[in-house]
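Spelled out from the first residue to the last, the chains are:
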Amino acid sequence: MAIRFRLGTRGSPLALTQAGMVRDALCAAHGWREDEVTLVVIRTTGDRVQDRALAEIGGKALWTKELDRALLDREIDAAVHSMKDVETIRPPAIRIAAMLPRADVRDRLIGAETIAAIVAGGTVGTSSPRRRAQVLRLRPDLNVVLFRGNVDTRLAKLAAGEADATLLAAAGLDRLGREGIGRAIPTDVMLPAPAQGAVGIEVRSDDEGAAMVVAAIDDPATSACVLAERAFLAALGADCHSPVAALAGLSGEMLSLRAELIAEDGSAGVEGAGEGTDGSVVAAELAADLLARAPDVVRRLFQP
Ligand SMILES: NCc1[nH]cc(CCC(=O)O)c1CC(=O)O
């Protein structure tokens, strides 16, 4: 039996599930047997450090640095990522070559029916600056406490009473077989993180063969939307630790983008929307529009 393709992945249950989805899609597209694609598990800084807010660890690329190295050292042919966790600016030697069809983009609330229904003065556990800012914007009376770890760890913390409620991406819960958990929050109440719900595959920029292999499983609409959301982050000089929400949609040729910037304490925010046929132009224009209208406490978070 020959190995045709080596896929690098993190070792969390969600990462392994997503890498398995990519393997299945590759096998279906190319008529390969399952054992012809091998999953290579790579431990990242983000997996090792569980006790601090990720923003505090310092340095970037918490989820990608070790996978990038394995890719550049030719230990793997492609790396599978939750696009939400991939740095805004990628090294020139690596490129995003495909994305699977996007899953449910929404966040789910666990522990209460709605954000409005969380007990007065209650506690919400999250490690996401965006979720923290959005929750405090809607409910300044709530306390937000740090919740880290994988999906199961966070659900265990909630069950242990460390918070009244928590927020998790529907995509992750669904992929882990937890479809029944929590209530989806409509995107007009809480806009998701840029790239939420999308699984991406990266290859070395000089590896045309690998790029062609994975291009066969690309969902062009997902790629167009997620690349526009990432262009919006780039135009702000922002990353996955920034209190930024953005969601693109595609209708024929027309790409629409909605976005929100929020002060980290939820005391202020600015939102807006734009549309056009070139996602990177839509993203740059919306970023400029929001920065121009943002209150000072919000604008100073960004250095475009
Ligand atoms: N930052 C962690 C992370 N990265 C991707 C997902 C879920 C899957 C996805 O959004 O594609 C999660 C967990 C969560 O936010 O609940």
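Residues numbered from 1 in each chain as written. Predicted model: local features only at pLDDT ≥ 70, side-chain atom pairs only at ≥ 80, totals over all residues. Heavy atoms only, no water.

The name recorded for the chain in an unreviewed UniProt entry is Porphobilinogen deaminase, from Sphingomonas insulae. The chain has a UniProt comment under Catalytic activity (unreviewed entry) that states "4 porphobilinogen + H2O = hydroxymethylbilane + 4 NH4(+)". (UniProt positions renumbered as here; feature names shortened; annotations may be inferred.)

**Student:** Explanation requested: the pairing of strand S3 (residues 78–82) in the structure shown.
**Tutor:** Put simply, side chains in a regular strand alternate between the two faces of the sheet. Counting buried positions along S3 gives four out of five residues, so the element sits mostly inside the fold. Two strands pair when backbone bridges link them, and strand S1 (residues 5–9) and S3 are joined in this way by two bridges, in the parallel orientation. Paired with glycine 8 across the strands is alanine 79, a residue of S3. (Buried < 20%, exposed > 50% of the residue type's maximum accessible area, 1.4 Å probe, protein only. Helix = DSSP H or I, 4+ residues; strand = E, 2+ residues; numbered from the N terminus. Pairing = 2+ DSSP bridges.)

**Student:** Please explain the packing of helix H9 (residues 220–236) against helix H10 (residues 279–293) as it appears in this structure.
**Tutor:** Contact geometry of H9 with H10 gives a least axis separation of 8 Å together with a crossing angle of 40 degrees. One element, H9, and the other, H10, form an angle in the oblique class. Crossing hand, H9 versus H10: right-handed. When H9 is examined against H10, the residues Ala228, Ala231, Phe232, Ala235 and Leu236 are found in contact with a partner set consisting of Gly279, Ser280, Ala283, Ala284, Leu286, Ala287, Leu290 and Leu291. (Axes fitted to C-alpha atoms, helices over the stretch in contact; angles between N-to-C directions. Parallel < 35°, antiparallel > 145°, perpendicular 65-115°, else oblique. Left-handed = near helix turned anticlockwise from the far one by under 90°. Contact = heavy atoms within 4.5 Å.)

**Student:** Teacher, can you tell me more about the confidence of the model for the chain here?
**Tutor:** Low-confidence regions, as indicated by low pLDDT, have predicted coordinates that should not be scrutinised in detail. Averaged over the chain, the pLDDT score is 94; the fraction of residues at 70 or greater is 95%. Of the two predicted TM-score estimates for the complex, the pTM is 0.94 and the ipTM is 0.96. (pLDDT = per-residue confidence, 0-100.)

**Student:** So what exactly am I meant to see when it comes to the site of the ligand here?
**Tutor:** All residues in the neighbourhood of the ligand are listed as Leu14, Ser82, Lys84, Asp85, Arg131, Leu168, Ala169, Gly172, Arg175, Gln196, Gly197 and Ala198. Calculation on the ligand without its partners gives an accessible area of 390 Å², and the protein chains cover 87% of this total. Secondary structure elements with two or more residues in the shell around the ligand: strand S8 (165–169) and helix H7 (170–175). The residue makeup of the shell around the ligand, split by class, is four nonpolar, four polar and four charged. The residue makeup of the shell around the ligand includes at least three contributed by each of domain 1 (5–100 + 198–218) and domain 2 (107–184). (Near = heavy atom within 4 Å. Areas by Shrake-Rupley, 256 points an atom, 1.4 Å probe, with all protein chains shown as cover. Nonpolar A, V, L, I, M, F, W, Y, C, P; charged D, E, K, R; others polar. Domains from an automatic or database assignment.)

**Student:** Explain the packing of aromatic side chains here, please?
**Tutor:** Scanning the entire structure with this criterion turns up one aromatic pair. Between the aromatic rings of phenylalanine 5 and tryptophan 32, the centroid separation amounts to 6.2 Å while the plane-to-plane angle is 40 degrees, which identifies the pairing as tilted. Remark: tryptophan 32 occurs in the loop between helix H1 (13–30) and strand S2 (37–41) and phenylalanine 5 occurs in strand S1; sequence separation between them is 27 residues. Tryptophan 32 matches phenylalanine 5 in its accessibility class, with the two residues each being buried. Here the guanidinium or amino end of lysine 157 rests over the ring plane of phenylalanine 147, the centre of that ring lying 5.7 Å away. (Phe/Tyr/Trp six-rings, centres within 6.5 Å; stacked < 30°, edge-to-face > 60°. Lys NZ or Arg CZ within 6 Å of the ring centre and 35° of its normal.)

**Student:** Help me out: how do you make sense of the nonpolar core in this one?
**Tutor:** When a protein is soluble and globular, its nonpolar side chains tend to lie buried together. Phe232, Leu236, Val244, Leu257, Leu261, Val298 and Phe302 are the most contacted members of the largest nonpolar core, which totals 25 residues. Where this core is concerned, the elements lending two or more residues are H9, strand S11 (244–251), strand S12 (254–262) and H10. Sort the elements by how many residues they give to this core and H10 lands first, with six residues. Beyond its immediate stretch of four places on either side in the chain, leucine 236 contacts Val244, Leu261, Ala287, Leu291, Phe302, Gln303 and Pro304. (Core = buried A, V, L, I, M, F, W, Y, C linked by side-chain atoms within 4.5 Å.)

**Student:** What am I meant to see in the pattern of salt bridges here?
**Tutor:** Two side chains that carry opposite charge are able to pair once their charged atoms sit near each other. Under the counting rule described, the total for this entry stands at 22 salt bridges. Arginine 108 serves as the salt-bridge partner of aspartate 174, at 3.0 Å between the closest nitrogen and oxygen. Separated by 66 residues along the polypeptide, aspartate 174 in helix H7 and arginine 108 in strand S5 (residues 107–110) bring together distant segments of the chain. According to the relative accessible area criterion, arginine 108 is buried, its value standing at 5%. Between aspartate 207 and arginine 204 there is a salt bridge, with the nearest N and O atoms lying 3.2 Å from each other. This pair shows no difference in class: aspartate 207 is buried, exactly as arginine 204 is. Salt bridges sharing partners connect three or more residues here, namely Asp68, Glu87, Arg90 and Glu202. (Salt bridge = Lys/Arg side-chain N within 4 Å of Asp/Glu carboxyl O.)

**Student:** Would you explain the UniProt feature "domain: Porphobilinogen deaminase C-terminal" (unreviewed entry) in the chain in this entry?
**Tutor:** Cross-referencing UniProt, the feature "domain: Porphobilinogen deaminase C-terminal" (unreviewed entry) maps to residues 224–285 in the present numbering. This span, residues 224–285, is 32% helix and 40% strand, and a straight line between its end C-alpha atoms measures 17 Å.

**Student:** How should I be thinking about the sheet that holds S11 in this particular structure?
**Tutor:** Sheets are built from strands that pair by backbone hydrogen bonding, the pairs being arranged parallel or antiparallel. Strands sit in the order S11-S12-S13 across an open sheet of three strands; the sheet is antiparallel. Each edge of the open sheet is held by one strand with a lone partner, namely S11 and strand S13 (269–276). Looking at each pair of strands side by side, their axes are set apart by 10 degrees on average, direction ignored. Contacting S11 and S12, H9 crosses the sheet at an angle of about 145 degrees to S11. This element, H10, spans S12 and S13 of the sheet and lies at about 155 degrees to S13.

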